[in-house]
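Observations on the three-dimensional arrangement
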Amino acid sequence: KRIRKYNELHELLIHNGANLEDVSILRKMKQLGFLKLDKCPKLRSFPKFTRKHDLVNLNLFSLHKSFEMSNLKHIPRLLNFRVGDLAFETFPADLSNTLRQAKIFDNPKLRDITKLAKYPELITIKLYNTGLTHFDIDFEDRAIHTIDLEGNKYLSNVDGLCTFSKIEKLTLKNLPML
């Protein structure tokens, strides 16, 4: 409630928000460029943003088990998306087409990342400790800077790596099924 008077914030980190259930106040923070919500187990959804928002870095960690991500599509210029300890099976298909970095941590339910191919500006993909079994997406001969696949214990296929024209940094680590 007290955060209302800080509508001109550029960066906001909320850690251990044990009773935080609503972040609709974020809609008023049009200059907010960086947001990290961490360990807010009662937070179930994200507010709808307008085209006037500056949010480009979004970090979501350890929120409600059934956190609703559909309103993330209303972030007009999202560049960096980091998510950890959230249970979703499919990478979102409707984030901003400006997305450059997708980093997913500790999501054993994640199985489908095919929508990553629809983001033309994507230069970094990091997938740590997911339920991913296949990385066989067709990236249509695009160049990418970084791919990190680590601790994905069920990953047995990385054929999608061959569809890039160029990869500058590749990490394949702790992948026992590969």
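The rules behind each value
- Residues numbered from 1 in each chain as written.
- Predicted model: local features only at pLDDT ≥ 70, side-chain atom pairs only at ≥ 80, totals over all residues.
- Heavy atoms only, no water.
- Helix = DSSP H or I, 4+ residues; strand = E, 2+ residues; numbered from the N terminus.
- Rg over C-alpha atoms; globule rule 2.2 N^0.38 Å.
- Buried < 20%, exposed > 50% of the residue type's maximum accessible area, 1.4 Å probe, protein only.
- Contact = heavy atoms within 4.5 Å.
- Areas by Shrake-Rupley, 256 points an atom, 1.4 Å probe, with all protein chains shown as cover.
- Salt bridge = Lys/Arg side-chain N within 4 Å of Asp/Glu carboxyl O.

In this section: the overall build of the protein. Per the secondary structure count, the protein includes zero helices and eight strands. Helices and strands appear in the protein in the N-to-C order β-β-β-β-β-β-β-β. Since a compact globule built from 178 residues should have a radius of gyration of about 16 Å, the 17 Å found for the protein is in line with a globular shape. Seen through its principal axes, the protein has C-alpha atoms that stretch 50 × 30 × 20 Å. When burial is assessed residue by residue, the protein has 45% of its 178 residues classed as buried. Sequence separation of at least 24 residues holds for 21% of the intrachain contacts in the protein that already meet a minimum separation of 6. For the protein, the accessible area works out to roughly 9,600 Å², and carbon and sulfur atoms hold 47% of it.

Looking now at the pattern of salt bridges. Tallying each qualifying case throughout the model produces four salt bridges. A salt bridge links Asp54 to Arg77; its shortest N-O distance comes to 3.6 Å. Taken together, the positions of Asp54 in the loop between strand S2 (34-40) and strand S3 (57-63) and Arg77 in the loop between S3 and strand S4 (80-84) put the pair 23 residues apart, joining distant regions of the chain. In this structure, Glu168 engages Lys166 in a salt bridge whose closest nitrogen and oxygen atoms are separated by 3.9 Å. The class of Lys166 is partly exposed, set by a relative accessible area of 45%.

What follows deals with unusual backbone geometry. Not every positive phi belongs to a glycine, and Lys39 is a case in point at roughly 60°. Along the chain, Lys39 falls in strand S2. The phi dihedral of Asp85 falls on the positive side, at around 55°, and the residue is not glycine. Inspection of the secondary structure puts Asp85 in the loop between S4 and strand S5 (101-107).

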